[in-house]
Amino acid sequence: MKTIKHTLLLVTIFMATSCGNNWLDLQPSNAVLTEESVKLLSEAEYSLNGIYDKMRSSDAYTGRLVYYGDVRGDDMQAVSESKRTGDYYRFNFTKDNGPSSHWSYLYFIIQNSNMILNQIEKIQITDDQKSYKNDLVGQALALRGMALFDLTRIFGYPYTKDNGSSLGVPIVKELSGINAKPSRNTVAECYAAVITDLENSITLLSDKFIKGKINKWAAMSLLSRVYLYKNDNTKALEMAEAAITGAEKGGWKLWTNKEYPTAWANEASASNPGEVLFEMVITPEESQGKETMGRLSSYDGYDDMCITVSFYHFLLEDPDDVRLKLLSFDGKKYAYVNKYQPQGDKDIMDANVTLIRLSEVYLIAAEAAVKCNDNDKAVKYLDAIVSRANPAKSVKGTTITLDRVLDERRRELVDEGHRMYDILRNGQTVTRIDIKDSKISKTRHFAAEEAMVFDWDYYKIVLPIPKREIDANPNMIQNPGY
């Protein structure tokens, strides 16, 4: 499998070119690390920094891997066919032209996490280095689990469609040799591997704020998301509640109604982490270029993706909802979501990208509580988000339904990469409605008819396995329909 077998060569390139802010640099930027040279914990940390560096690419977690789930849903769309998000929005991929970056970047994370996990156990440490080592191992496990989860939901059908019996992606937990030709595991097997990695990481990770790096509360939050996707709602609720409790004791908190419109531009810190549990930190010195979420989501940038008219009307059902203040307008053409606000005097293309936010964990808890028939907890966690958005609103004294929680997820998590997944994992239908509004008069759907209304039986809700993987590996099976 070409992408996987060449990944260890890539780590050398990234370690050699990584440079920039001081929280990232542990060694000179011309240092070259290989599998054999990771003999100190500092070298293992330097290797981890290379993984984070790769994750910050606009082809990964500051761009494509984020907007993928939004422009393929019903609340956001590409502005036009020629935009970077256009092919994703139109489901315009075949077995011959499917994008390979999702596969290659995520397997880079997995392979280099494997390298760290393999080598770090050989390093002799002192007693006072144990917690340092544990945190490094925990980070590698959490990032490996995160990458496998995203691979599975991009290339595999929702777990809830067939209880995970369809094909996911190859599970790679060892360093792959040049001749490795792994087969695809089932979605259920992939979920089991993800859960094992995240559960193990939680016992090792630091519970402190570490700028741009995953910690215990972020891993717990991610695990609650995985459980929710798997429909293991009891565990999703338990994990989400534990993450909320632990994070809030550690200083994290929901932004207030007053803070909300501009909090996205704050630089999260140990003294004021806000809602940011895990983010991709971009600096001007390590700019990822003009393809990041900040530029793509703004009319001051590439104005690449906008909200749909139907979603705009949905938001207007409550004119006093603070989240309306995040919308920006390009005349009377399009409306954009202004969540990727630059920190300080940075350019918008260097805005940090939050991947796990405390509000999402509240909504996970609310959804899982509904599915566990625990209305008291559903009210508790949903009301925190509803009343923050509009202090005059509350869900107290009501019976919370799944649709009510999913509606709140739409309002709260738009442009953060969740919408298509939320619809399909719940067995619902994506319905793109083409209506008019003079406020955003140029906004029109332009997808083919088959991509206007679809559910989890539409074969294109998963991407094709990249052609080069199919060509290089006789054991690799293509997704149905391609």
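### Notes on the confidence of the model for the chain
Atom-level detail of predicted coordinates should not be read off regions where pLDDT is low.
Thinking step 1. Residues with a pLDDT of 70 or more make up 92% of the chain, whose mean pLDDT is 92.
Thinking step 2. For the stretch residues 1-33, pLDDT sits under 50, and the model shows 90 contacts to residues farther than four places along the chain or on other chains.

### Observations concerning the pairing of strand E5 (residues 334-337)
Thinking step 1. A two-sided burial pattern is seen for E5, the buried positions comprising Tyr334 and Tyr336 on one face and Ala335 and Val337 on the other.
Thinking step 2. Hairpin connection of strand E4 (residues 327-330) to E5: 3 residues between the antiparallel strands, including Gly331 at a positive phi of 60°.

### Quick look at the packing of aromatic side chains
Thinking step 1. All chains considered together, the criterion is met by 26 aromatic pairs.
Thinking step 2. Taken together, a centroid distance of 6.1 Å and an interplanar angle of 40° make the contact between Tyr299 and Tyr336 tilted. Here Tyr299, found in the loop between helix H13 (293-296) and strand E3 (305-307), pairs with Tyr336, found in strand E5; they are 37 residues apart in sequence, far enough to count as distant.
Thinking step 3. Given a relative accessible area of 0%, Tyr336 falls into the buried group.
Thinking step 4. Members of the aromatic cluster, connected to one another through ring pairs, are Tyr67, Tyr68, Tyr88, Phe93, Phe149, Tyr159, Tyr191, Tyr229 and Tyr421.
Thinking step 5. A cation sits over an aromatic face here: Arg425 above Tyr229, 5.1 Å from the ring centre.

### Considering the side chain of His445
Thinking step 1. Here His445 is to be found in the loop between strand E7 (430-431) and strand E8 (453-454).
Thinking step 2. Among the polar contacts listed, one links the side chain of His445 to the side chain of Tyr89, at a separation of 2.7 Å.
Thinking step 3. Once residues within four sequence positions are removed from consideration, His445 is found in contact with Gln77, Tyr89, Thr308, Arg432, Ile433, Asp434 and Met452.

### Focus on the packing of helix H9 (residues 187-202) against helix H10 (residues 216-230)
Thinking step 1. Contact geometry for H9 and H10: axes closest at 9 Å, N-to-C directions at 155°. If you check the angle between H9 and H10, you find them roughly antiparallel. Crossing hand, H9 versus H10: left-handed. Contact residues: H9 offers Tyr191, Val194, Ile195, Leu198, Glu199, Ser201 and Ile202, while H10 offers Lys216, Ala219, Met220, Leu222, Leu223, Val226, Tyr227, Tyr229 and Lys230.
Thinking step 2. Grouping the amino acids of the contact of H9 with H10 by side-chain chemistry returns 12 nonpolar, 1 polar and 3 charged.

### Re the environment of Arg409
Thinking step 1. By the secondary structure assignment, Arg409 is in helix H17 (residues 402-413).
Thinking step 2. The class of Arg409 is buried, set by a relative accessible area of 3%.
Thinking step 3. For the pair Arg409 and Leu363, spaced 46 residues apart in the sequence, the C-alpha separation amounts to 6.8 Å.
Thinking step 4. Those residues in contact with Arg409, other than ones at most four positions away along the chain, are Leu228, Glu360, Leu363, Ile364, Glu367, Val414, His418, Asp422 and Arg425.

### Quick look at empty space enclosed by the protein
Thinking step 1. The final tally for this structure, using the stated rule, is 8 cavities of 30 Å³ or more.
Thinking step 2. For the largest cavity, the calculated volume is near 180 Å³.
Thinking step 3. Around the largest cavity, the lining comprises 16 residues; the ones closest to its centre are Arg153, Arg225, Leu355, Glu416 and His418.
Thinking step 4. Broken down by secondary-structure element, the contributors of at least two residues to the lining of the largest cavity are helix H4 (64-71), helix H7 (130-155) and strand E6 (353-357).
Thinking step 5. Examining the composition of the lining of the largest cavity, we find that 4 residues originate from one element, E6, more than from any other.
Thinking step 6. Class assignment for the residues of the lining of the largest cavity results in 7 nonpolar, 3 polar and 6 charged.

Thresholds, definitions, all that
Sequence order as written defines residue numbering, which begins from 1 separately in each chain. Local features in a predicted model are, by the rule used here, given only for residues with pLDDT of at least 70; side-chain atom pairs are given and counted only at 80 or more, and totals for whole chains, interfaces and linings are based on all residues. Computation of side-chain values: all heavy atoms of the structure, hydrogens and water removed. Residue-level confidence of the predictor, termed pLDDT, takes values from 0 up to 100. Contacts between residues were defined by any pair of non-hydrogen atoms, one from each residue, lying within 4.5 Å. Each residue's exposure class comes from its accessible area (1.4 Å probe, protein chains only) as a fraction of the maximum for that residue type: buried when under 20%, exposed when over 50%, partly exposed otherwise. A run of DSSP states H or I qualifies as a helix once it reaches four residues; a run of E qualifies as a strand once it reaches two. Both are numbered from the N-terminal end. Any two strands between which DSSP finds at least two bridges are classified as paired. Ring pairs shown here join Phe, Tyr and Trp side chains whose ring centres sit within 6.5 Å, with only the six-membered ring taken for Trp; geometry is labelled stacked below 30 degrees between planes, edge-to-face above 60, and tilted in between. Each ring is checked for a lysine NZ or an arginine CZ that lies within 6 Å of its centre and within 35 degrees of its normal; such an atom marks a charge sitting over the ring. Definition of a polar contact: a pair of N or O atoms within 3.5 Å, with one able to donate and the other able to accept a hydrogen when the atoms are protein atoms, and with sequence-neighbouring residues admitted only if both atoms are side-chain atoms. Whenever a helix is involved, its axis is fitted only over the stretch in contact; in every case the axis is a line through C-alpha atoms, and angles between N-to-C directions fall within 0 to 180 degrees. When describing relative orientation, an angle under 35 degrees is termed roughly parallel and one over 145 degrees roughly antiparallel, while 65 to 115 degrees is termed roughly perpendicular and anything else oblique. Helix crossings get a hand from a simple test, with the near helix turned counterclockwise from the far one by less than a right angle marking a left-handed crossing and a clockwise turn marking a right-handed one. The residue classification treats Ala, Val, Leu, Ile, Met, Phe, Trp, Tyr, Cys and Pro as nonpolar and Asp, Glu, Lys and Arg as charged. All others, Gly included, are polar. Using protein atoms alone on a 1 Å grid, points that fit a 1.4 Å probe yet trap it form a cavity, whereas open point sets bounded by protein on both sides within 12 Å along at least five of seven lines form a pocket; residues with an atom within 4 Å of a point count as lining. Grid points are joined across faces, edges and corners, and a volume is the space filled by probe spheres set on the points.

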